[in-house]
Amino acid sequence: DTEVTQTPKHLVMGMTNKKSLKCEQHMGHRAMYWYKQKAKKPPELMFVYSYEKLSINESVPSRFSPECPNSSLLNLHLHALQPEDSALYLCASSQVLSHEQYFGPGTRLTVT
Amino acid sequence: SQQGEEDPQALSIQEGENATMNCSYKTSINNLQWYRQNSGRGLVHLILIRSNEREKHSGRLRVTLDTSKKSSSLLITASRAADTASYFCATDARGGSYIPTFGRGTSLIVHP
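Anyway, here's the lowdown on the structure attached to this text. Model, not experiment: these values are computed from the prediction. (Residues numbered from 1 in each chain as written. Chains lettered and ligands numbered in written order. Predicted model: local features only at pLDDT ≥ 70, side-chain atom pairs only at ≥ 80, totals over all residues. Heavy atoms only, no water.)

1. Quick look at the sheet that holds strand β3 (residues 18–25) of chain A
Residue and element names in this part refer to chain A.
- In space, the 4 strands of this open sheet follow the order β1-β3-β8-β7, with antiparallel pairing throughout. Only two strands of the sheet have a single neighbouring strand rather than two, namely β1 (4–7) and β7 (64–70). Across the sheet, the axes of successive neighbouring strands diverge by a mean angle of 20 degrees, strand direction being ignored.
- Across 4 bridges, β1 lies against β3 in antiparallel orientation. Paired with T5 across the two strands is E24, which belongs to β3. (Pairing = 2+ DSSP bridges. Helix = DSSP H or I, 4+ residues; strand = E, 2+ residues; numbered from the N terminus. Axes fitted to C-alpha atoms, helices over the stretch in contact; angles between N-to-C directions.)

2. Details of the packing of aromatic side chains
Residue and element names in this part refer to chain A.
- The full count for this structure, using the stated rule, is 8 aromatic pairs over all chains.
- An angle of 40 degrees between the planes, with centres 5.5 Å apart, marks the rings of Y35 and F103 as tilted. Taken together, the positions of Y35 in strand β4 (residues 31–37) and F103 in strand β10 (residues 102–103) put the pair 68 residues apart, joining distant regions of the chain.
- Its relative accessible area of 1% is what places Y35 among the buried residues. (Phe/Tyr/Trp six-rings, centres within 6.5 Å; stacked < 30°, edge-to-face > 60°. Buried < 20%, exposed > 50% of the residue type's maximum accessible area, 1.4 Å probe, protein only.)

3. Comments concerning the interface of chain B and chain A
- Each partner contributes to the interface: chain B provides 19 residues, whereas chain A provides 20 residues.
- Carbon and sulfur atoms make up 64% of the surface buried where chain B meets chain A, a total of about 1,400 Å² over both sides.
- Taken as a group, L43(B), I99(B) and F102(B) account for 33% of the area that chain B buries against chain A, more than any other trio of residues on that side.
- Where chain B packs against chain A, one counts 0 salt bridges. (Contact = heavy atoms within 4.5 Å. Buried area = accessible area lost by both parts, 1.4 Å probe. Salt bridge = Lys/Arg side-chain N within 4 Å of Asp/Glu carboxyl O.)

4. With respect to the pairing of β4(A)
All names here are of chain A.
- Most of β4 sits inside the fold, with 7 of its 7 residues counted as buried.
- Of the strand pairs in this sheet, β4 and strand β5 (residues 44–50) are connected by 6 bridges, and their pairing is antiparallel. Within β5, the position partnered with M32 by the bridge is Y49.
- In this structure, the hairpin formed by β4 and β5 is closed by a connection of 6 residues, where K40 is found at a positive phi of approximately 60 degrees.

5. Topic: the environment of V60(A)
All names here are of chain A.
- Secondary-structure assignment places V60 in the loop between β6 (53–57) and β7.
- Residue V60 is classed as buried on the basis of its relative accessible area of 16%.
- The sequence separation of V60 and M46 amounts to 14 residues, and the corresponding C-alpha distance is 6.2 Å.
- Dropping the residues within four chain positions of it, V60 is found in contact with M46 and F47.

Now the structure itself:
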């Protein structure tokens, strides 16, 4: 299985809502990533987990909260988001940090 | 910033022609990767080239790396309409965190 899955595919939420994005891989990868991508821009790194420990937090606002319950799962908890947080949220995994990344299809998030 | 810069930003060609896009970066790297992204979807890894390699091939793709000029090129031969996508280079700085940083990308359109 060489697939990274993300749910949901689309999410519309109000600024007072709490929601979560989910990412799953069964390739035995030990590094997992969250990226945010705006239209016509490159992906921006948000968080990196290595061996289930938060390795990098790219100064992301606290309204985004990552969680890595086990080596196959990565969640991104969302709370009190702003309209400017609307974007495509991409999850990726790699065998270890220096290896090529496998991306999921993304969650298209709209904050109203 | 280690972010690579792709050139050109946009490229429009006819099916069957070759497409060449370039990536320049600022500091020494461990490796350089090329990714493809179809509109609004996840990224797909194409090729990883290490700093001690000069050229790699994969099917119709040819990547070169010139560390003295801090640049790389991606050549797609005999292009097809299905090659229409955005192409990103990603570099990770030597002595850094092994996390690749994505350039702004080249948007390629192949007309049938």
